[in-house]
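For reference, the chains in residue letters:
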Amino acid sequence: MPTDSVFVRRRFRRRQTPPPMARFSPDGTQILTSHLNKVKLWQTSTGKLLHTLSKQYTPAILGFSPDGSKVYADGGVLNMWDTKTGKWLLKNFSLRRSTNSYRQGFMGRASVVFSPDGHYFVVRSHNFRDEIWDSRSMTLLHILNKDRYSTNVLFTSQGHRVITASDDGIVRVWHTQSGRLLCTLYACFAQDDAWVVTTPDGKYDGNVQGLRYIHYVKRNKTIAVSSQDKNRVKGLLKKVWGQF
């Protein structure tokens with residue numbers, strides 16, 4: 001093997017800083033870059049530097065909001081800027097991942113997720129909760145999943161609901177504007193095809209396999225549910241989904 005090939009491989013293995021990164025804006029008119037601890041925003045057509053957003057920051061993930069009005073950099077702490085002014089909107093917001101390793105962020109998902117229209121975003125903060133923010137006023141609206149660790153967060157196509165999923169197989173659906181929990185979907189049973197959905201007011205539904213796991217508890221005693229139980233609502237998930 002040629003000597004220069006050996007040298008290049010050794011140098012790559014010893015690298016302790018993230019590689020340069022770049023992201024295009026949704027309309028392709030701007031480029032966000034990160035290199036040598038600097039985050040910069042450029043104009044695509046001319047190559048003109050628009051803003052030097054940070055000079056002391058090494059992010060693992062870069063991104064734009066869907067409408068291109070904001071950019072963010074995720075590297076253990078979250079920073080967000082206005083693309084027109086370069087003004088800081090969120091500065092060093094503490095996230096769940098360790099600030100000592102960019103690799104955790106680089107290999108995972110960003111800790112900020114925008115709604116399709118860019119009006120809202122969810123931040124997965126350091127204290128194991130998901131927070132819904134209004135991107136226009138940059139205010140915290142609601143706190144979701146208090147003391148629960150979610151592994152994935154997404155908005156529905158219309159942005160009216162937020163879906164959070166945890167590694168225990170539990171999925172929760174929230175109303176974006178009110179922050180209200182709409183329903184909880186359980187698909188974590190021994191039988192892979194079993195599922196159950198419940199609502200905060202005690203209603204439930206599921207398939208035949210999943211309903212076997214439903215029961216009441218009274219004075220530490222388990223009580224089986226009857227086939228005529230009034231709290232069982234057939235088609236519950238579809239009905240809850242169509243309310244908002």
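Preceding this paragraph is the structure being described.
Residues numbered from 1 in each chain as written. Predicted model: local features only at pLDDT ≥ 70, side-chain atom pairs only at ≥ 80, totals over all residues. Heavy atoms only, no water.

## Here we look at the environment of Trp241
Thought 1: The topology assignment puts Trp241 in helix α4 (residues 236-241).
Thought 2: Exposure remark for Trp241: the relative accessible area of 35% places this residue in the partly exposed category.
Thought 3: Spatially, the C-alpha atom of Trp241 lies 8.3 Å from that of Leu182, the residues being 59 residues apart in sequence.
Thought 4: Excluding its chain neighbours within four sequence positions, the residues that come into contact with Trp241 are Thr156, Arg161, Ile163 and Val173. (Helix = DSSP H or I, 4+ residues; strand = E, 2+ residues; numbered from the N terminus. Buried < 20%, exposed > 50% of the residue type's maximum accessible area, 1.4 Å probe, protein only. Contact = heavy atoms within 4.5 Å.)

## Here's the deal with the pattern of salt bridges
Thought 1: All chains considered together, the criterion is met by 1 salt bridge.
Thought 2: A salt bridge links Arg232 to Asp205; the nearest nitrogen and oxygen atoms lie 3.0 Å apart. Of this pair, Arg232 sits in the loop between β20 (221-224) and α4 while Asp205 sits in strand β18 (residues 204-206), placing them 27 residues apart in sequence.
Thought 3: Overall, the relative accessible area of 26% leaves Arg232 in the partly exposed class. (Salt bridge = Lys/Arg side-chain N within 4 Å of Asp/Glu carboxyl O.)

## Details of the packing of aromatic side chains
Thought 1: Tallied over the full model, the rule gives 5 aromatic pairs.
Thought 2: Relative to Trp133, the ring of Phe121 has its centre 6.0 Å away and its plane inclined at 10 degrees; by these criteria the two rings are stacked. Of the two residues, Phe121 is situated in strand β10 (residues 120-124) and Trp133 in strand β11 (residues 130-134); the sequence distance between them amounts to 12 residues.
Thought 3: In this structure an aromatic cluster arises from ring pairing among Tyr72, Phe93, Phe114, Phe121 and Trp133. (Phe/Tyr/Trp six-rings, centres within 6.5 Å; stacked < 30°, edge-to-face > 60°.)

Keep in mind these numbers describe shape, not what the thing actually does.
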